[in-house]
Amino acid sequence: MAIHPPESRVWWNEPIAKAELIWIVIAFVWGLLMFFMMIYWHIYGQQNLSTQVGRIDPAVFEQRTNEFAEKFKIREEGDTGIPVAKPLPGGDAYMLARTFDWWPVLELEKGKPYKLHISSLDMQHGFSLQPINMNIQVHPGLEHIITITPKEVGVYGVICNEYCGLGHHVMTGRIYVVEPGQGG
Ligand code: CUA
């Protein structure tokens, strides 16, 4: 037999060793602290995205994104043929996820608010904006509308962080943030 019963049948009546008691207290206090931190950060932490989520037909989302990209296209991304769309400050921006694309590329102005619409056409993908590490789970049929205001000029990468198939690792996108009135 690999498993033996405890020597003393009533093992739970034995006094707790001091070291074990200390660890129980530490774990309990830490758990309590984290519980209240959760509430504190929810209110003051600024890590919660101001997101609205609604249902949307993937075909409708695709159509809106296509119309957006066509209307606001300012150039193409390198020789990829992927449009770079520059929405109006304060306006709507669309980015769709599909195997294995984030489409189109966006160019935003620093310090201006945008409503970023994100959804998937086929399956679950993970929108991960790097290097600031903003993460959103993206499902077909659900549209996230996130109010964002870019704070730093730069080139941001979008990577997929939910495994979605053979091309998961090449599913990347891009967002440019430029000074107001520049870029284009
Ligand atoms: Cu899309 Cu992984």
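This write-up is about the structure you can find in this document. Everything quoted here is computed from the prediction, not taken from an experiment.

### With respect to the pattern of salt bridges
With the rule as written, the count across this model stands at eight salt bridges. Ionic pairing is found between E107 and R75, a salt bridge with its closest N-O pair at 2.9 Å. Separated by 32 residues along the polypeptide, E107 in strand β6 (residues 105-109) and R75 in strand β2 (residues 73-77) bring together distant segments of the chain. Judged by its relative accessible area of 1%, E107 is buried. Measuring nitrogen to oxygen at the nearest pair gives 3.3 Å for the salt bridge that ties K112 to E109. The exposure class of E109 is buried, given its relative accessible area of 9%. Residues participating in the shared-partner salt-bridge network are R75, K86, E107, E109 and K112.

### Brief notes about the pairing of β2
In the sheet, β2 pairs with strand β3 (residues 82-85) via four bridges, with the strands oriented antiparallel. Looking at the pairing, E77 lines up with I82 of β3. In textbook terms, the turn of a hairpin is the stretch between consecutive antiparallel strands, and for β2 and β3 this stretch comprises four residues, one of which, G78, has a positive phi near 55°.

### Description of the nonpolar core
Within the largest apolar cluster, 32 residues are counted, with the highest numbers of intra-cluster contacts made by W102, L106, I118, F127 and I175. A total of five residues in this core trace back to one element, the largest contributor, which is strand β4 (residues 92-98).

### Some details on the sheet that holds β6
Across the sheet, seven strands lie side by side as β2-β3-β6-β12-β11-β8-β9; this open sheet has mixed pairing. Every interior strand has two partners, whereas the edge strands, β2 and β9 (134-138), have only one. Each adjacent strand pair in this sheet contributes to an overall mean axis angle of 25°, direction not counted.

### Observations regarding helix α1 (residues 18-44)
When the terminal C-alpha atoms of α1 are compared, their 38 Å separation across 27 residues agrees well with the 39 Å that a helix rising 1.5 Å per residue should span. Q46 sits one or two positions beyond α1 and adopts a positive phi of about 60°.

### Describing the pairing of strand β8 (residues 125-130)
Here β8 lies mainly inside the structure; five of its six residues are buried. Pairing of β8 with β9, which is carried by five bridges, proceeds in the antiparallel orientation. When the bridges of β9 are listed, G126 appears paired with Q137. Between β8 and the antiparallel strand that follows it, β9, lie three residues; N133 among them carries a positive phi value of about 60°. Relative to strand β11 (residues 154-160), β8 is paired through four bridges, and the arrangement is antiparallel.

### A short note on the packing of aromatic side chains
Scanning the entire structure with this criterion turns up seven aromatic pairs. Taking 5.9 Å as the distance between ring centres and 80° as the angle between the ring planes, the aromatic pair formed by Y40 and W41 counts as edge-to-face. A relative accessible area of 42% places Y40 in the partly exposed class. Seen in terms of ring centroids, Y40 and Y44 are 5.1 Å apart; in terms of plane orientation they differ by 40°. Their pairing is tilted. Here Y40 and its partner Y44 are both found in helix α1, four residues apart, which amounts to about one turn of the helix. When the ring centre of Y176 is taken as reference, the NZ or CZ atom of R75 above it lies at 5.1 Å.

Rules of the game
- Residues numbered from 1 in each chain as written.
- Predicted model: local features only at pLDDT ≥ 70, side-chain atom pairs only at ≥ 80, totals over all residues.
- Heavy atoms only, no water.
- Salt bridge = Lys/Arg side-chain N within 4 Å of Asp/Glu carboxyl O.
- Helix = DSSP H or I, 4+ residues; strand = E, 2+ residues; numbered from the N terminus.
- Buried < 20%, exposed > 50% of the residue type's maximum accessible area, 1.4 Å probe, protein only.
- Pairing = 2+ DSSP bridges.
- Core = buried A, V, L, I, M, F, W, Y, C linked by side-chain atoms within 4.5 Å.
- Axes fitted to C-alpha atoms, helices over the stretch in contact; angles between N-to-C directions.
- Expected span 1.5 Å × (residues − 1).
- Phe/Tyr/Trp six-rings, centres within 6.5 Å; stacked < 30°, edge-to-face > 60°.
- Lys NZ or Arg CZ within 6 Å of the ring centre and 35° of its normal.

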